[in-house]
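# A structural walkthrough
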Amino acid sequence: MSKHERWNTLLELLAASGKVEVEEAAAALDVSAATIRRDLDELAEQQLLVRTRGGAVAHGVSYELPLRYKSTRHAPEKKRIAEAAADLVTPGEVVGLNGGTTTTEVARALALRFASGRAEAPGPVTAPSGPALTVVTNALNIAGELAVRPQIKIVTTGGVARPQTYELVGPLTVGVLSEVVLDVVVLGVDGVDAELGVMAHHEDEASISRLFAERASRVVVVTDSSKMGRRAFARICGLDRIDTLVTDTGIAPETAAQLTEAGVKVVTV
């Protein structure tokens, strides 16, 4: 097991239980206790955890994995979800993308789909005279990946960057989003609940995602099934604002039925 794989597993354990014990982690990863101690020390230097006698604990009450460590979780499902979401976009549309691992995959899928400057769309569509696609995002990593794609016009918001997710938040972000009109927004979320709607871990990110939804004609939520039935701290919007939810086949049938009853089109891949 490589160091990156060990670190990813340790952070997964930390996110699940809030603490990690050296001996237990060493047994789970089948490595020496000395290796785990070195790993925890290095992760502590990066301020990803707090070292304790015999292990480590998470920062604060609620813990969120940094984006670079979340990217390996449910990777195959996220790629399938992203490809299905990209198929919902028509050439010439203005698309909003918030930050997250799944929306990052959506950005990559859009870049591939519109690689030639055009993409086949269902039904008769007049080829756009401008860019093949316009993407508005508050995610620095997504902007960086799409900025080199000449067929895609990329618009970034201002704001203060959150190091965990690379998302820009705050009044500057609100100022830009308040002046644009979106055809569709693709939102990554941290929780989906049949009663409360969709949620995020942090209130500043939730408020920006809510504004994205308000500025869009269509709202598409992309999330793997592990987020279904899960609640997070800050509410983005209710199910009545969501048009389509794209997830994997691991979604429980009763959950899919609840979402459908609420008026959400559920797409499983």
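A short tour of the structure in this document, coming up. Note that the structure is a prediction, hence the values are computed from the model and not measured.

In this section: the nonpolar core. Soluble globular proteins tend to bury their nonpolar side chains together. Counting 30 residues, the largest nonpolar core has Val 198, Phe 212, Ile 242 and Leu 259 as its most contacted members. Every element with two or more residues in this core is listed here: strand E9 (182–188), strand E11 (197–200), helix H9 (203–214), strand E12 (216–222), strand E13 (234–237) and helix H10 (253–261). When residues in this core are grouped by element, the largest group, 5 residues, is from H9. For Val 198, the residues in contact, after removing those within four places along its chain, are Val 189, Gly 191, Val 192, Val 221, Arg 235, Ile 236, Cys 237 and Ile 242. Among the nonpolar cores identified, the runner-up in size contains 26 residues, and Ile 81, Val 135, Ala 139 and Ile 142 belong to it.

Closest axis-to-axis distance for the helix H2 (residues 22–29)/helix H3 (residues 33–45) pair is 8 Å, and the angle between their directions is 110°. Classified by the angle between their axes, H2 and H3 sit roughly perpendicular to one another. In the packing of H2 onto H3, the handedness of the crossing is right-handed. Taking contact as the criterion, the partners of Val 22, Glu 23, Ala 25, Ala 26 and Leu 29 in H2 are, on H3, Ala 33, Ile 36, Arg 37 and Leu 40. Grouping the constituent residues of the contact of H2 with H3 by class yields 7 nonpolar, no polar and 2 charged.

Further remarks concern helix H6 (residues 101–113). Here H6 is 13 residues long and its end C-alpha atoms lie 18 Å apart, about the 18 Å a rise of 1.5 Å per residue gives. The buried fraction of H6 amounts to 11 of the 13 residues, a majority that puts the element mostly inside the structure. All of the buried residues along H6 are Thr 101, Thr 102, Thr 103, Thr 104, Glu 105, Val 106, Ala 107, Ala 109, Leu 110, Ala 111 and Arg 113.

On the basis of which strands lie adjacent, the open sheet formed by 3 strands has the order E1-E3-E2 and antiparallel pairing. Each edge of the open sheet is held by one strand with a lone partner, namely strand E1 (19–21) and strand E2 (50–52). When strand polarity is set aside, the average angle formed by the axes of neighbouring strands in this sheet is 20°. For E1 and strand E3 (residues 55–57), the ladder comprises 3 bridges, and the chain directions are antiparallel. In the sheet register, Lys 19 faces E3, and the bridge partner there is Val 57. Along the sheet, H2 makes contact with E1 and E3, crossing E1 at roughly 80°.

The rules we used
- Residues numbered from 1 in each chain as written.
- Predicted model: local features only at pLDDT ≥ 70, side-chain atom pairs only at ≥ 80, totals over all residues.
- Heavy atoms only, no water.
- Core = buried A, V, L, I, M, F, W, Y, C linked by side-chain atoms within 4.5 Å.
- Buried < 20%, exposed > 50% of the residue type's maximum accessible area, 1.4 Å probe, protein only.
- Helix = DSSP H or I, 4+ residues; strand = E, 2+ residues; numbered from the N terminus.
- Contact = heavy atoms within 4.5 Å.
- Axes fitted to C-alpha atoms, helices over the stretch in contact; angles between N-to-C directions.
- Parallel < 35°, antiparallel > 145°, perpendicular 65-115°, else oblique.
- Left-handed = near helix turned anticlockwise from the far one by under 90°.
- Nonpolar A, V, L, I, M, F, W, Y, C, P; charged D, E, K, R; others polar.
- Expected span 1.5 Å × (residues − 1).
- Pairing = 2+ DSSP bridges.

In short, shape yes, function no, at least from these values alone.
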